[in-house]
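What follows is each chain in one-letter form.
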Amino acid sequence: MSDTLISPPELERSDALVLFGISGDLAKKMLLPALYRLTESGRLTVPVIGVAATDWDDDALRAHAREAITAGGADIDEEVFARFAAGLSLVTGDFTDAATFARLREALTGFGFVTHYLAIPPALFTTVAAALAGAGLNRDARLVVEKPFGHDTASARKLQDDLGAHFDDDHLLRVDHFLGNRAVESLMVSRFANTLLAPIWHRAYVDNVQISLVEDFDVADRGSFYDAVGCLRDVVQNHMLQVLALLAMDPPSVTNARAQGLEKWRVLHATRSMDPAETVRGQYDGYRDVEGVAPHSTTETYFATRLFIDNWRWAGVPFYLRSGKALALSATEVVVELRKPPLELFGGQNTQPSSNLIRFRIDGDTGIRADLMLRKPDSDSGPVTVPVGVDFAQVLGRQELPYENILHGAVVGDPECFAFFPGILECWRIVDPVLAPAEAPLPYAPGSWGPEAADALPGLKRWHQPSRRLFDSA
């Protein structure tokens, strides 16, 4: 294999961060709180120049930033905020107006390399990229775009071509904020840094794998956005398949983002496309009453499927994926069920030993838990399940917000937290057969675990339901 394939070029560190859409919802909920945290930790030392179609001035932006940081749960340190606010400024104007980019060029006078971060609707990505190029702002610059990257395979290819006309692939980063989550990254670390797990991580020991991204809240005020996207495009094609890749990939030969991307691509390339006959779509009762949702909408708010990976490590092992809104609780969790011992020597008269489970909680109360079988003293009832594991917050302290790592990577030029384009294409290839279903989604009651049909996916013995907290009883 060519060294150029596995050894990425050194990416430039930025002298300024330009944040398009700084007045928007993503910036308010995620980006501004993350930028404050980066300032607090000393990892953000460059100015942030916002671009937005608003009538704010710099002082109004700083006031908005303070509100966003407070709403994000931070206790503001005035010295830290003063440092952050001093580097915060605003260029106003429409993204389709060349004058906006002329003002931005003036604001960037004297800076060297710049990162342009597009926290804007995907329909505007190519418009802004072309306008940046028209103003000469694509030179000595990097472009960072949010998900989704396309809405199917063909549109992803076209978007890559359109953006690639102005920014080459070494200067184009694609966000999947799950990749900025340290608990997600720990999937790979847990597998490859611990010989306790590495030898059993294949078909000889693993019976099945379940990946759940479930939420107890509904679409709330995001009806217009969600109805045009649905569960599959919103979280399955990107977040959940990235998690699957980290769970199932082989170890990279070297430690860099491109080598990791190649291994993810290999395992995704070996993953079968989704089979409509092994897929369940659902829609919670009341969804169509949400403002912005079409009265006869067939958008899914729940999705479940079975996948297989046709390679040496995973042949024959089913991977079950499910996600949904308005479910029984919120949790993002991986459950790896190991095969039962060949002889059941320790069952009681009326019980059978359960399989060992390894749980990775990758959102909220993050950690790793293994369910082991132990025998109670003076008991004839057989083994009992005992959870053992690690609570990350308790052992490792505060976990960075995913967008802290995304934004830091965007500024310093670290591609590890960003999606590899060949992998994105494989993700779209995997979901393409179920993007346009012929049948309407099945109804389910809010607060349930989704449509009952999902419990009858081929080969599924039962879903291992997450508990509200990792070390509660499941």
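Structure's up top.
Quantities reported herein were computed from a predicted structural model and do not represent experimental measurements.

Analysis parameters
Residues numbered from 1 in each chain as written. Predicted model: local features only at pLDDT ≥ 70, side-chain atom pairs only at ≥ 80, totals over all residues. Heavy atoms only, no water. Helix = DSSP H or I, 4+ residues; strand = E, 2+ residues; numbered from the N terminus. Buried < 20%, exposed > 50% of the residue type's maximum accessible area, 1.4 Å probe, protein only. Contact = heavy atoms within 4.5 Å. Areas by Shrake-Rupley, 256 points an atom, 1.4 Å probe, with all protein chains shown as cover. Expected span 1.5 Å × (residues − 1). Bend = angle between axes of the 7 residues up to and from the residue. Pairing = 2+ DSSP bridges. Axes fitted to C-alpha atoms, helices over the stretch in contact; angles between N-to-C directions. Phe/Tyr/Trp six-rings, centres within 6.5 Å; stacked < 30°, edge-to-face > 60°. Right-handed = clockwise from strand over helix to strand, strands pointing away.

When helices and strands are tallied, the chain shows 14 helices and 15 strands. Projected onto the principal axes, the alpha-carbon positions of the chain cover approximately 80 × 50 × 50 Å. Going through the 474 residues of the chain one by one, you find that 51% of them count as buried. Contacts in the chain between residues at least 24 apart in sequence constitute 77% of all its contacts with a sequence separation of at least 6. Carbon and sulfur atoms make up 53% of the accessible area of the chain, which totals about 21100 Å².

Moving on to helix H10 (residues 230–248). Helix length check: H10, at 19 residues, gives a terminal C-alpha distance of 26 Å against a target of 27 Å (1.5 Å per residue), a fit within 8%. For H10, the principal kink sits at Val-236 and spans about 45°. Taken across its 19 residues, H10 has 18 buried, putting it largely inside the fold.

Let us look at helix H2 (residues 25–41). Here H2 spans 24 Å end to end across 17 residues, near enough to the 24 Å set by a 1.5 Å rise per residue. The principal kink in H2, of about 40°, is found at Leu-31, preceding the proline Pro-33 by one to four residues. As for H2, its buried residues are in contact with strand E1 (16–20), strand E2 (48–52), helix H3 (58–71), helix H4 (78–86), strand E4 (114–118) and helix H13 (402–412). Two residues or fewer after H2 comes Gly-42, characterised by a positive phi angle close to 85°.

Turning to the sheet that holds strand E12 (residues 357–361), a few remarks are in order. In space, the 9 strands of this open sheet follow the order E14-E13-E12-E11-E7-E10-E9-E8-E15, with mixed pairing throughout. The sheet is open, and its two edges are formed by strand E14 (383–391) and strand E15 (442–444), each paired on a single side. Across the sheet, the mean angle separating the axes of adjacent strands is 20° when strand polarity is ignored. Examined bridge by bridge, strand E8 (residues 279–284) and E15 share 3 bridges and lie parallel to one another. Bridging from a neighbouring strand, Gln-283 pairs with Pro-443 of E15. Contacts from H10 reach strand E7 (206–214), strand E9 (302–307), strand E10 (319–324) and strand E11 (331–338) within the one sheet, and its direction differs from that of E10 by about 145°.

Turning to the packing of aromatic side chains, a few remarks are in order. Note on aromatic pairs: each is described by the distance of the centres and the angle between the planes. What the rule picks out here adds up to 11 aromatic pairs. With 5.7 Å between their ring centres and 80° between their planes, Tyr-284 and Tyr-287 make a pair best called edge-to-face. Take Tyr-284: its relative accessible area is 4%, and that puts it in the buried class. The class of Tyr-287 is buried, set by a relative accessible area of 0%. One aromatic cluster is present, formed by Tyr-226, Tyr-284, Tyr-287, Tyr-302 and Tyr-444 through successive ring pairs.

A few words now on the pairing of E4. Extensive coverage of E4 is indicated by the burial of 5 of its 5 residues. The side-chain alternation of E4 yields two buried faces, one formed by Val-114, His-116 and Leu-118 and the other by Thr-115 and Tyr-117. Sheet topology note: the E1/E4 ladder contains 5 bridges and is parallel. Bridge pairing links Leu-17 to Thr-115 in E4. Pairing between E4 and strand E5 (residues 141–145): 5 bridges, direction parallel. Within the sheet, the bridge partner assigned to Tyr-117 lies in E5 and is Val-144. The parallel pair E4 and E5 is bridged by helix H6 (residues 125–134), and the resulting crossover is right-handed.

None of this, on its own, says anything about what the molecule does.
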